[in-house]
Structure formats: structure tokens, C-alpha cells
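Architecture at a glance
Now for the letters of each chain:
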Amino acid sequence: MRRYLVVANQTLGGRELVAKLDECVAAGPCRFHLVVPATPATDLETVDRPLTLSGVDGGAGMLPDAGAVGRALARRRLDKELARLREAGVEADGEVGDPRPLHAVEDALRGLDVDEIIVSTLHRGSRWLGMDLPHRIKRHVEVPVSHVTGHPGPPT
């Protein structure tokens, strides 16, 4: 069984990343571990919902900080994609990771043995592309790294 570490945030659930994961599933038995860095809301390309996110602040009506909003959005994306994969009969689990994506990958790899890492970034204007994340990950690991660029996934 092939084991994949998938690193994504805003592109989670987007058509390009879904197509890549479907391709992996079609190639044979596999398992995915998703890591969604908790990017602060101020660093996201777009904010999915108003910053008064119901449930983030316990419904108190207070404006949560950008880090809390980022973690909540990451958790929602993760939960939605895990549900989609599991509904399709695919083994998958995941975690919300460090806001710094390279650190999130390093943290996840401490407890995992993977055959490949799939990094998914926005197709343009991506902070992760600006920091050359796919190549930085390649320099830190001894497994193949695939890079998928795409559009944002569905709103959370």
C-alpha cells in the first residue's frame, strides 16, 4: 500500500488536487495523511467567510485573532476532505499543522513513513510558491515530492 503525505490548505478539495488524489487511488491501494498548515487568516488568498466565524469564538460574537481563524478554517477544510475521501472508501487521516508549512511537514514526518509527498499550492499568487515550498521540501526529504497547482477548494 502506497502512503502519501498531502500538504495543502486553500486548494484542499479543489479540482486539481482531487484529480491527483483520484489518480493515486486508481494506481492501487493507498493511504493519505493530510497536513493542513494553520495559515493565519491574514495570509490567506481569500477568507472563506466573514471573520466573525460562528463556532470559532464559541458563538460569543467576539472577533477571534487571525491565528484562531486560520486554525478553524484549516480544520474545516481538513474535516471536509477527510469525509470525502472516506466516503469514497479511501483510507485517510490528517492534522492541522504548524502555520509554517515546512515545519508542518517536518512535524508530520516525525511520526510517519511515506512513499511520496504531494504539495498543493494555488496556481498564482501563492505564498507557498513565493517561498519555493515544493523545492524546499524536496531538499529536506528522501522521498519523491509532487507539486500540484490549482484553484481553491469549495468554501468551508
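So, here's what we can say about the structure.

Cut-offs applied
In this convention, every chain numbers its residues from 1, walking through the sequence in written order. Restriction of local features to residues with pLDDT of at least 70 applies here, the model being predicted, together with a cutoff of 80 or more for giving and counting side-chain atom pairs; totals for whole chains, interfaces and linings are based on all residues. Only heavy atoms go into the side-chain values, all of them from the structure, while hydrogens and water stay out. Being paired, for any two strands, means DSSP has found at least two bridges between them. Strands are runs of DSSP state E lasting at least 2 residues, helices are runs of H or I lasting at least 4, and numbering of each runs from the N terminus. In this description, a line fitted to the C-alpha atoms serves as the axis of each element, helices being fitted only across the stretch in contact, and the angle between N-to-C directions of two axes falls anywhere from 0 to 180 degrees. Any two residues having at least one pair of non-hydrogen atoms within 4.5 Å are treated as being in contact. We call two N or O atoms a polar contact when they sit within 3.5 Å, provided that within protein one can donate a hydrogen and the other can accept it, with sequence-adjacent residues counted only if both atoms are side-chain atoms. By definition here, a salt bridge exists when the distance from a side-chain nitrogen of Lys or Arg to a carboxyl oxygen of Asp or Glu is within 4 Å.

1. Considerations on the sheet that holds strand β5 (residues 145-150)
- Strand order in the open sheet formed by five strands is β3-β2-β1-β4-β5, with parallel pairing between adjacent strands. Two strands in the sheet have a free side with no partner beyond their single neighbour: β3 (91-97) and β5. Within this sheet the neighbouring strands show an average axis-to-axis angle of 20 degrees, counted without direction.
- Set on the sheet, helix α3 (residues 101-110) makes contact with β1 (2-7), β2 (30-37), β3 and β4 (116-122); between it and β2 the angle comes to about 140 degrees.

2. A look at the environment of H140
- Looking at where H140 falls in the secondary structure, it is placed in helix α5 (residues 133-140).
- Considered as a pair, H140 and V105 are 35 residues apart in the sequence and their alpha carbons are 9.7 Å apart.
- Apart from residues no more than four positions distant in its own chain, H140 is found in contact with L102 and E106.
- At 2.8 Å, the side chain of H140 forms a polar contact with the backbone oxygen of R136.

3. Points about the pattern of salt bridges
- One pass over the structure, following the stated rule, counts twelve salt bridges.
- Here D113 and R3 are joined by a salt bridge, their closest N and O atoms 3.4 Å apart. Taken as a pair, D113 in the loop between α3 and β4 and R3 in strand β1 lie far apart in primary sequence, 110 residues in all.
- Because the salt bridges share partners, they merge into one network encompassing R3, D113 and D115.

The values are spatial; any link to function lies outside them.
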